[in-house]
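Below are the chains, spelled out letter by letter.
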Amino acid sequence: MARKIIFLLYSSLAIFCVGLLLYNNFFNEEAAILLENKHAFTFFVALLVGLFRMYNGNTKKKSLSYYKKNYKDFIRDSFSNDKKSLKKLLKAIKLLNEDKFDKSIQLLESLLPDCKTLNEKYVTKLFLALNHEETGDTDKTCLIYEELIQYGLADSIIYSNVANSYRKNGQTEKAIEACKKALLIDSKNTFAYNSLAGIYFIMGEFDKAIENAKKALEYDPKILPSIKYLIIIYTLLEDEEECENYKKKALANGMTKKELEEMLASYC
């Protein structure tokens, strides 16, 4: 918002300067301020440059190299000898981030026949599952993750992701089991702890929910869902000190007072 306001002010000032330049140049021969005043002219040029840079920064889309760099831990050496397929994968990831899920799914499905290594199949299927999860198709999401598990391609991420999908489908026991498998592989998997906290919270097992929420925060102090669980639980338990502690954390991590009040009103 602040960037838009500054951009609007820059634009208004630039329009004013252009108008003043035209007026002085064509209608006011005795006061050609911008043409005769070197400092004013320099200011005007600097204003235009700043305006251009700001506009360029607002409209410039992230390149494929950006996604290659930021998803390198998932991509690894996938399609290292097939630039065309790698470009297709990166484009699909880009489309996913732009919420163009149908186009991303179409690209990834066309990429599956070109997968020659286990990692290529893993990364393609992973992003397919993430797309289907975003569209709300948790059944298809679960099927893809289960296929990866069946073929021995599952890691901690896959297990914690499928646990989240099981939870959404109301398959509580399967979700808990998947979370535990995720933590056996990676004991610092924040998302698995967060999912367990949510499951136990819904089940009313507050001790286990607190334990897992705090464990998630131990590895990621900014994970807001776990903070929310703790606020609600401590409110229900009438533990004001702990409740206030986690309210402060929620506010520090972007939650507003209004959102806090609405959340508590719906649960307490």
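These figures come from a predicted structure and were not determined experimentally.

Thresholds applied
- Residues numbered from 1 in each chain as written.
- Predicted model: local features only at pLDDT ≥ 70, side-chain atom pairs only at ≥ 80, totals over all residues.
- Heavy atoms only, no water.
- Helix = DSSP H or I, 4+ residues; strand = E, 2+ residues; numbered from the N terminus.
- Buried < 20%, exposed > 50% of the residue type's maximum accessible area, 1.4 Å probe, protein only.
- Contact = heavy atoms within 4.5 Å.
- Areas by Shrake-Rupley, 256 points an atom, 1.4 Å probe, with all protein chains shown as cover.
- Salt bridge = Lys/Arg side-chain N within 4 Å of Asp/Glu carboxyl O.
- Expected span 1.5 Å × (residues − 1).
- Arc of directions from axis to C-beta.
- Core = buried A, V, L, I, M, F, W, Y, C linked by side-chain atoms within 4.5 Å.
- 1 Å grid on protein atoms, 1.4 Å probe; cavity = no way out; pocket = protein on both sides within 12 Å on 5 of 7 lines; lining within 4 Å.
- Points joined across faces, edges and corners; volume = space filled by probe spheres on them.
- Nonpolar A, V, L, I, M, F, W, Y, C, P; charged D, E, K, R; others polar.

A.B. asks: Honestly, the overall build of the protein in this entry has me stumped. Any pointers?
C.D. replies: Looking only at helices and strands, one finds 16 helices and 0 strands in the protein. Taking all 268 residues of the protein together, 38% fall into the buried category. A sequence separation of at least 24 residues applies to 51% of the contacts in the protein between residues at least 6 apart. Counting only carbon and sulfur atoms, one obtains 55% of the accessible surface of the protein, whose full area is about 16600 Å².

A.B. asks: Would you explain the pattern of salt bridges in this entry?
C.D. replies: Should the charged atoms of two oppositely charged side chains come close, the side chains can pair. Throughout the structure, instances matching the rule amount to 10 salt bridges. A salt bridge links Glu-147 to Lys-125; the shortest N-O distance between them is 2.9 Å. A residue pair is termed long-range when its members are at least 10 positions apart, and Glu-147 in helix H9 (residues 138-150) and Lys-125 in helix H8 (residues 118-134) qualify at 22 residues. A relative accessible area of 24% places Glu-147 in the partly exposed class. Connected through shared salt-bridge partners, Lys-94, Glu-98 and Lys-100 make up one network.

A.B. asks: Any chance you could explain H9 here in plain terms?
C.D. replies: An α-helical segment advances 3.6 residues per turn. Residues three or four places apart therefore align on the same side. With 13 residues, H9 should reach 18 Å at 1.5 Å per residue; the first-to-last C-alpha distance of 18 Å fits that figure. Among the residues making up H9, those that are buried are Thr-138, Thr-141, Cys-142, Ile-144, Tyr-145 and Leu-148. Looking down the long axis of H9, one finds its buried residues gathered within 160° of arc, a one-sided arrangement. Away from its buried face, by an angle of more than 90 degrees, H9 presents the exposed residues Asp-139, Leu-143 and Gln-150. Of the residues flanking the end of H9, it is Gly-152, one or two places downstream, whose phi is positive at about 75°.

A.B. asks: I would appreciate a short explanation of the environment of Ile-75 in the present structure.
C.D. replies: Here Ile-75 is to be found in helix H5 (residues 72-75). When the C-alpha positions of Ile-75 and Leu-86 are compared, they lie 9.0 Å apart, and in sequence the two are 11 residues distant. Leave out the neighbours within four places in its chain, and Ile-75 touches Tyr-67, Lys-68, Leu-86, Leu-89, Leu-90, Ile-93, Asn-119 and Val-123.

A.B. asks: For this particular structure, what's the right way to read the environment of Ala-154?
C.D. replies: If you trace the backbone, Ala-154 turns up in the loop between H9 and helix H10 (156-168). Through-space distance from the C-alpha of Ala-154 to that of Leu-126 is 9.9 Å; in sequence the pair is 28 residues apart. With near-sequence residues (within four places) excluded, Ala-154 lies in contact with Leu-148, Ile-149 and Tyr-159.

A.B. asks: What is the right way to read the nonpolar core from this model?
C.D. replies: Nonpolar side chains tend toward joint burial in soluble globular proteins. Membership of the largest hydrophobic core comes to 66 residues, with the highest contact counts inside it found for Leu-89 and Ile-231. Dropping the residues within four chain positions of it, Ile-231 is found in contact with Cys-243, Tyr-246, Lys-247, Ala-250, Leu-260, Met-263 and Leu-264.

A.B. asks: Could you clarify how one ought to interpret unusual backbone geometry in this entry?
C.D. replies: It is generally the case that most residues other than glycine have a negative phi and that most peptide bonds are trans. For Arg-76, which is not glycine, the phi torsion reads 50° and is therefore positive. On the secondary structure map, Arg-76 appears in the loop between H5 and helix H6 (83-97). You will see that Glu-238, though not glycine, has its phi angle at about 60°, which is positive. Relative accessible area serves as the criterion here: at 71%, Glu-238 is assigned to the exposed category.

A.B. asks: I keep staring at the layout of surface pockets and nothing clicks. Help me out?
C.D. replies: Gaps between atoms show up when a probe of the same size as a water molecule is rolled over them. Taken as a whole, the largest pocket spans an internal volume of roughly 580 Å³. Elements with a minimum of two residues in the lining of the largest pocket: H6, H8, H10, helix H12 (190-203) and helix H14 (224-236). Along the lines of polarity and charge, the residues of the lining of the largest pocket split into 11 nonpolar, 8 polar and 5 charged.

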